[in-house]
Every structure is written in C-alpha cells, then in structure tokens.
Amino acid sequence: MQPRETPKSQSAELLNLAAERAIRYVDSASARRVSPSSLDLAALAGLHEPFPAGPSNPADVLNQLEAAGSPATMATTGGRYFGFVNGGMVPAALAASWMAGAWNQNASLRVMSPIAVELEDVVLQWICEALGLPLDCQGGLVTCATMASFTALLAARHALLRKAGWDVTENGMFGAPPIQVVVGAEVHASVLKALSMAGFGRKRVTIVDADSQGRMRADRLPQLSESTIVCIQAGNVNTGAFDPADEICAKAKEQGAWIHVDGAFGLWARVSPKYAHLTRGIENADSWATDAHKWPNAGYDCGVVLLKNGDALRAAFGINAAYLEPGARREPMQHTPESSRRARGVELWATLKSLGRDGLRELVERTCALAQRFAKGLQDAGFEVLNDVVINQVLVSFGSPEVTREVIRRIQEGGTCWCGGTVWQGRTAMRISVSSWATTEADVDRSLDAIVRLAAESRSIASRA
Ligand SMILES: *Cc1c(COP(=O)(O)O)cnc(C)c1O
C-alpha cells in the first residue's frame, strides 16, 4: 500500500475512532466479566483466516480488532483481577502510551530518540530515590523482571569472572573458572530460568532451606566467596514474604559475594514507611530486578534492572560497530541485552510523575489493606488463610485440593473476579494478589461474596459426592 493512499485527515479519523473504541473499553472494564465468556473465546477462531491477499481499510481493521479483541481480553484494568501479580495501568500511563505510540521512538540510543532516553534517565533516578537505593546506581528498562534478573546476572557473571582473570565476553563460559550460585528454596522460577540462560544451569545451584513463609534461612547459608552470586527475594509470589536481606547481605558482603535481589513487586514495599522494614538491608545488594508493570501500575511491559556498579553493565553489553556512537552517557543498548526497543520510559515517567512519592506510597498501602480485607473476609467465612499476609498476597484453602481447585475453576468461569491457583509447600491454594490501582473496597466485597458463594456450592457438591 502506498502511504499516500491514507491522507492526513483519514489518519485523524482513524485515531479518533481508536480513541473512541479505547475509551469505551476503559469505561466498561469494571462492569464487564473479568474473564471472557466461552462464546467470546470461541469467536477467536474467526481470526484464523488466510493471510489477506490485498489491503484492508484501516477502519475495518480496527473494527474487527475491537469486535473480536475487546471481549476476549482479561479485564485486568477493571479492579477485580487478582491473578498472578498483574498490575493495572494508571490513567496517565495509558494516555502516555497513546502519545508514545504516536511518537514511535526507538529507545536504543540517544541519537535515535533523545526524549526516550532522557525519560529513562529520569525514571531510573527517581526509582533509586523512591526505593532508597544508592543514587549512583545505573540500570536499564527491559521487558520484565525475568529479563531484569537475566541482565543483572550476566553483569554479575562478567564482573566475578573478570576478578578471577577471565573475560567471559571474549572467551565465553566453556573453560571459565567456576561460579557458585546460591538461591533460596522458594526462589521464583524466573530466576532459575535467567540462571539457565546465563549458562549457570538450573540444577547447578546451591539451594538454601526456606521457612514456612518461603523466607531463605540465613543461618543455613553455605560458605560463600568472591566467586559466589547469592540471589535473594523481596516478595515471594505466593506469600509476599521477604528473605532476611539484612542478615544475608551482611554475611555475603563479608565473604565478597555478589548479591542479586529479585524484587519483582516486593521491592516497592520500600516506598511505604509501614512496610519498608520488611526489606531492611536490601540496599546493600549489588543488583536489583523489579517490575514497573506490577505494583506501580505502569502498564506492559516494563522491567527495571539496577546495578550498584554500572560499569559491569557496560562491560557485559557494550558493542562496537562503526556506525554506533560510543557515547559518554548511558546508552540503553550498551547497558542491556536488547538493541531496538520500545520507549518504556514514556509510560513509566508518566506513571511516576502522576503518582509522586505520596501516590506510590498510597497505592502500595491501599492494596496491602485490601489484601487484609480479603484475608479477614475469607477467615470470617470459615476458610483457611495459609500465609501471613504481610503485603498484598493472600493464599487461601477451601478444604481438600479437589474442592480448592473446583472453587478456583468456578471463580474463573463465573467472571465476577479472577484468581489463580498454586501449590504452596504441598498445599493446594488459591492466590489473591491485589496489585491494581483500580481495586476498591467495593470490588473486594463483591469478589468476596462471589468467592464465598462459589466455595459453599463446591463444598456442598463435594460432600454429596
Ligand atoms: C512476577 C515475578 C517475576 C517475573 O516477572 P516477569 O515480569 O513476569 O518476568 C519474578 N519474580 C517474582 C518474585 C515475581 O513475582
């Protein structure tokens, strides 16, 4: 298709159409079912047509997208989505993402997009301030916490092997001096994935016992050395629990180890004086991975990696090519695995700017309070909450594994809210993660009503069987 076939005025019409559709979706998100109905899912089959031979009218494309797409979304922005740890999207982030779409910036290098990279600089600085991390940290924005951990671990690998006299960038991992990796028994699976991608292997790790909340037992740490990477966790995905960073960091630092923190959502507890104590000592780590698409509600996708020693990032990820400017300042592609990338800093900047320190604190505290409300409601109804609800995560059992699984199935199908399942230290449970800015007390109460009703139904069916 020739670009000239779409005159400017038609673009404006198309964008207005998109805005109209999007606003309609936003306004209806809290009223509609959270999960798509089976009919809406079945309609997705209609998308599988042969690749169109010729062009389509862009307005028709958009209309088809809305007709098939909107009903088949998970309404994660409506306030009653409690699955995984999926945040919503604050209004400023959504609006900024529309601007960013119009800009279509490649945040790879400063010369490609001065604004995209400048906004990254600003938000990385703000995040260090908000999280109480060293202000001279360097970092980058990546897709997700998995990639953030991967990025940090590659930088750690480079730094530790360099100390051992081995340049891993030039010589690779075959024949390199060994590195010991230590994780807790309740390490997030994504850290193991990142370790395997970094050549450390998922099984080649030393696993330290965890307690009933999933916290690494600092008293069980093995002998560490300058060739050790210790991966600690801030916010277990099931319980919300925090590894005792204070003790672990003190021991690990004394022995020269590199400490990496997986704080995908939990790290944000540091913005609240009420919860920051859970993360005490974490500022003494060497690298941190977190997500802005989780608790801060910046929208997808937005992982953040921070390093105390930014040189390790440049050493691990810098590339040279005749057409690339070396650059005296941080260049995103020289500090992270990816080159071309979307300008994540735009939405993240809008999110943090619109919330401010107080807004971020309020968001964290409110979602924690709503998790408490869930826990109390479930306990009052006679169900067992399996974890200490320290932040925004609740684990609940409805009885036998079969009954709990049946309740989860009915909740997901029912559409009032959405919660996922898990097995926590041998017990089948339902996970409730309150991660959206949009969730209100009324959302929690309405969800509790549905959960308690469906749980009672499942139990009575099970007792009849
Ligand atoms: C969600 C989560 C991850 C992975 O995050 P992604 O952004 O999906 O890669 C890692 N660790 C913890 C503790 C998490 O909660």
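Because the structure is a prediction, the values reported are computed rather than measured. (Residues numbered from 1 in each chain as written. Predicted model: local features only at pLDDT ≥ 70, side-chain atom pairs only at ≥ 80, totals over all residues. Heavy atoms only, no water.)

By nearness alone, 13 residues border the ligand, and Ala 145, Thr 146, Asp 262, Asp 291 and Lys 294 come closest of all. Here Ala 145 contributes a backbone N or O atom positioned 3.0 Å from an oxygen atom of the ligand. Within the side chain of Asp 262, a nitrogen or oxygen atom sits 2.7 Å from a nitrogen atom of the ligand. Within the complex, the protein chains bury 86% of what would otherwise be the 380 Å² of accessible surface of the ligand. Considering only residue class, the shell around the ligand consists of five nonpolar, five polar and three charged. (Near = heavy atom within 4 Å. Polar contact = N/O pair within 3.5 Å; in protein donor to acceptor, adjacent residues only side chain to side chain. Areas by Shrake-Rupley, 256 points an atom, 1.4 Å probe, with all protein chains shown as cover. Nonpolar A, V, L, I, M, F, W, Y, C, P; charged D, E, K, R; others polar.)

Another point: helix 3 (residues 58-69). Structurally, the α-helix is built with 3.6 residues per turn, so residues lying three or four positions apart point the same way. Relative to the 16 Å expected for 12 residues at 1.5 Å per residue, helix 3 spans 16 Å between its end C-alpha atoms, a close match to the ideal helical length. Looking at where helix 3 begins, the residue whose side-chain oxygen comes 2.9 Å from the main-chain nitrogen of Ala 59 is Asn 57. (Helix = DSSP H or I, 4+ residues; strand = E, 2+ residues; numbered from the N terminus. Expected span 1.5 Å × (residues − 1).)

Next up on the list: the environment of Gly 165. Among the secondary structure elements, Gly 165 is positioned in the loop between helix 6 (145-163) and helix 7 (168-171). Given a relative accessible area of 67%, Gly 165 falls into the exposed group. Between the alpha carbons of Gly 165 and Ala 176 there is a distance of 9.3 Å; along the sequence they are 11 residues apart. (Buried < 20%, exposed > 50% of the residue type's maximum accessible area, 1.4 Å probe, protein only.)

Direction vectors running N to C along helix 5 (residues 114-131) and helix 12 (residues 344-380) enclose 30 degrees, while the axes themselves pass 9 Å from each other. With respect to each other, helix 5 and helix 12 are oriented roughly parallel. In this structure, the crossing between helix 5 and helix 12 has a hand that is left-handed. Only Gly 345, Val 346, Leu 348, Trp 349, Leu 352, Lys 353, Arg 357 and Leu 360 of helix 12 make contact with helix 5, whose side of the interface consists of Leu 119, Glu 120, Val 122, Val 123, Trp 126, Ile 127, Glu 129 and Ala 130. By residue class, the composition of the contact of helix 5 with helix 12 is 11 nonpolar, one polar and four charged. (Axes fitted to C-alpha atoms, helices over the stretch in contact; angles between N-to-C directions. Parallel < 35°, antiparallel > 145°, perpendicular 65-115°, else oblique. Left-handed = near helix turned anticlockwise from the far one by under 90°. Contact = heavy atoms within 4.5 Å.)

Attention now goes to the sheet that holds strand 6 (residues 287-291). Overall, mixed pairing links the seven strands, which are arranged 1-7-6-5-4-2-3 in an open sheet. Whereas interior strands pair on both sides, the edge strands pair on one side only; in this sheet they are strand 1 (138-142) and strand 3 (205-208). Sheet twist, expressed as the average angle between the axes of neighbouring strands with direction ignored, equals 20 degrees. The pairing of strand 6 with strand 7 (residues 303-307) spans five bridges and is antiparallel. Bridging across to strand 7, Trp 288 finds its partner in Leu 306. Each of strand 1, strand 4 (228-233), strand 5 (258-262), strand 6 and strand 7 is contacted by helix 6, which is oriented at about 175 degrees to strand 5, the strand it contacts most. Strands in contact with helix 9 (residues 245-254) are strand 4 and strand 5; relative to strand 4, the strand with the most contacts, it is inclined by about 175 degrees. (Pairing = 2+ DSSP bridges.)

This part is about the packing of aromatic side chains. Using the criterion set out here, one finds five aromatic pairs in the structure. Aromatic side chains Phe 265 and Trp 295 sit 6.3 Å apart centroid to centroid with 70 degrees between the ring planes, which places their arrangement in the edge-to-face category. One end of the pair, Phe 265, is in the loop between strand 5 and strand 6; the other, Trp 295, is in the loop between strand 6 and strand 7, with 30 residues separating them in the sequence. The exposure class assigned to Phe 265 is buried, which follows from its relative accessible area of 2%. Among the aromatic side chains, those forming a connected cluster through ring pairs are Tyr 81, Phe 84 and Trp 418. (Phe/Tyr/Trp six-rings, centres within 6.5 Å; stacked < 30°, edge-to-face > 60°.)

The subject of this paragraph is a nonpolar patch on the surface. Judged by side-chain polarity, Met 99, Trp 103 and Ile 115 come together as a nonpolar surface patch covering roughly 270 Å² of accessible area. Mapped onto the secondary structure, Met 99 falls in helix 4 (residues 91-103). With a relative accessible area of 43%, Met 99 lands in the partly exposed category. (Patch = residues over 30% accessible without salt bridge, like charges linked within 9 Å, V, L, I, M, F, W, Y side chains within 5 Å. Salt bridge = Lys/Arg side-chain N within 4 Å of Asp/Glu carboxyl O.)

Let us look at the domain arrangement of the protein. Segmenting the protein into domains produces domain 1 (8-73), domain 2 (97-351) and domain 3 (364-464). Its C-alpha centre places domain 1 at a distance of 32 Å from the equivalent point of domain 3. If you look at the interface, domain 1 gives four residues, while domain 3 gives eight residues. Surface buried jointly by domain 1 and domain 3 totals about 390 Å² across both partners, of which 42% is contributed by carbon and sulfur atoms. Along the contact surface separating domain 1 from domain 3 lie zero salt bridges. Between domain 1 and domain 3 we count three residue pairs in polar contact (both at pLDDT 80 or more) in total. Among the residues forming the side of domain 1 that touches domain 3, the class breakdown is one nonpolar, two polar and one charged. (Domains from an automatic or database assignment. Buried area = accessible area lost by both parts, 1.4 Å probe.)

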